[in-house]
Amino acid sequence: MLQAFLAHGEVEACTSLTRLVCSGEALPAELQNQVFARLPHTALYNLYGPTEAAIDVTHWTCQDDGRNHVAIGQPIAGIHTFVLDGDLNLAPPGVAGELYLGGIGLARGYLHRPDLTAERFVADPFAQGERLYRTGDLVRWREDGQLEYLGRLDHQVKIRGLRIELGEIEAELLAQPAVREAVVVAEEGSGGSRLVAYVVPQVDSELNTAVLREALSQKLPDYMVPGAVVTLDALPLNANGKVDRKALPDPEFASGSQYEPPQGEVEEALAEIWSEVLGVERVGRLDNFFELGGHSLLALKVLEQMRHQGLTAQVRTLFQCPELAAFARALTQASEQPEIITPPNRIPDGCSAIQPEMLTLIELNAEEISAIEAAVPGGASNIQDIYPLAPLQEGILFHHRLQEEGDAYVTRVCLASTAEDGWKPLLSVLTSSLPATIFYVRRYFGREFVNRYKWFTDMPN
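Criteria and thresholds
- Residues numbered from 1 in each chain as written.
- Predicted model: local features only at pLDDT ≥ 70, side-chain atom pairs only at ≥ 80, totals over all residues.
- Heavy atoms only, no water.
- Helix = DSSP H or I, 4+ residues; strand = E, 2+ residues; numbered from the N terminus.
- Contact = heavy atoms within 4.5 Å.
- Polar contact = N/O pair within 3.5 Å; in protein donor to acceptor, adjacent residues only side chain to side chain.
- Phe/Tyr/Trp six-rings, centres within 6.5 Å; stacked < 30°, edge-to-face > 60°.
- Buried < 20%, exposed > 50% of the residue type's maximum accessible area, 1.4 Å probe, protein only.
- Lys NZ or Arg CZ within 6 Å of the ring centre and 35° of its normal.
- Core = buried A, V, L, I, M, F, W, Y, C linked by side-chain atoms within 4.5 Å.
- Pairing = 2+ DSSP bridges.

Caption draft 1: Just the environment of R131, in detail. On the secondary structure map, R131 appears in strand β8 (residues 131-141). The sequence separation of R131 and F121 amounts to 10 residues, and the corresponding C-alpha distance is 6.4 Å. The residues touching R131, leaving out its near neighbours within four places in the chain, are L101, G102, L106, A107, R108, F121, V122 and D124. Of note is the side chain of R131, whose polar atom sits 2.7 Å from the backbone oxygen of A107.

Given below as structure tokens:
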């Protein structure tokens, strides 16, 4: 409602307006700044609270403090606020957690919904016989003792293993001068989850979605830039006046460039592969892989299908040349470059002393080679070649040496069966699918453990 109020062209004429009270939706910092700029004599208040706790439970007098988030303040009289982690422990200041509410304002529960009541209203771990309400809101305590609203927990999404707060993207969208309203959602597509932004432009202004995505890329990491931006005249609202995310139209992942058909066999083959992997109807030679909804995992699928058609490339080439025509040119230029030849192994069989000139993949002196020979069982005769670790192997070694106890790459799992022979089929499956695993099996009958067995499965060569 505040956005709609500010969209009116004559709000500056409201000189008698002394207070603005906001509640019901998160107050974006950009919207707050508009009030300060256009209504300098009006005090702005931000209230927070769910219906389950008698509507408003915290209050904050807005300030022009330059922060990216508007605080929701401190609790009103008779209300307790706790920021807890997943184990109901208090989160320290600055650390995000779920907001729990307690006090006299709590509802008794949901009418005829005992299951939902038990889920949302939990026992207070800090007061005997009291209850807390789980809001589902992500907040944190600021250093000045004020609560800061970060978004909904159910608006946190995980895409390709990366946790994303949709509210953070929405805040950056609202910070753009041409955007009046914005909502970001995660849509499931053929290639997995993709971010979609729905925006309403400012009155009497045109919104260039390509320019908007470029602006976002300057503020956000690549994985948080929406793959599609949908322009709407207005966001759909439900009966309570909040954004109805279920009523948002389906997006179309399309490049911002004008369509030009692929040229040549390489471009045509790439366009067909992109179309299949990305789930789009057609791909033009000027289309951008990432604007069509592509990401790093889909890039690997593209490279795999390219190999089946005799086309080879590295992932970084696609990142450096995301347009289809440019990617095709890079492939052609790469094919003209001389083939990389792996040098031969100069360590002969049965070698008793490795010399530096025998190593073709790494430069080591005689002292360094001797240290390696001494560390290998059997010495030099048991060394086939010496070469440096790949970056991924370096990471594994780093984490292994970092551990003071155990190993980050050794996982222990305990499985139990009450049946006498219940472990046999499970063991058969495990030994056939995990050839480098050691299994310990203890058969259990009643209260007694008997016959302890130990299997060492065949180790890979």
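Caption draft 2: Region of the structure containing the packing of aromatic side chains. Tallying each qualifying case throughout the model produces 6 aromatic pairs. Between the aromatic rings of F121 and Y133, the centroid separation amounts to 5.1 Å while the plane-to-plane angle is 45 degrees, which identifies the pairing as tilted. Of the two residues, F121 sits in strand β7 (residues 121-123) while Y133 sits in strand β8, which places them 12 residues apart along the sequence. On the accessibility criterion, F121 (7% relative accessible area) is buried. Of the residues examined, Y133 reaches a relative accessible area of 5% and is grouped as buried. Ring pairing ties together the aromatic residues Y110, F121 and Y133, which thus form one cluster. Lying across the ring of W60, R142 places its NZ or CZ 5.3 Å from the centre.

Caption draft 3: Local environment of the nonpolar core. Membership of the largest hydrophobic core comes to 22 residues, with the highest contact counts inside it found for L270, W274, F289, M306 and F327. Counting only elements with at least two residues in this core, the list comes to α6 (264-278), α7 (296-308) and α9 (324-336). If we skip the residues at most four places from it in the chain, L270 touches M306, L311, L324, F327, A328 and L331. Core analysis: the next-biggest nonpolar cluster, separate from the first, contains 20 residues, V179, A182, V225 and V229 among them.

Caption draft 4: Region of interest: the pairing of strand β4 (residues 71-75). Two elements, strand β3 (residues 58-61) and β4, share 2 bridges in a ladder whose sense is antiparallel. When the sheet's bridge partners are listed, H59 is paired in β4 with Q74. Where β4 and strand β9 (residues 147-152) come together, 2 bridges link them in antiparallel fashion. Across the sheet, residue G73 finds its bridge partner in β9, namely L147.

Spatial relationships are all this shows, so hold off on functional conclusions.
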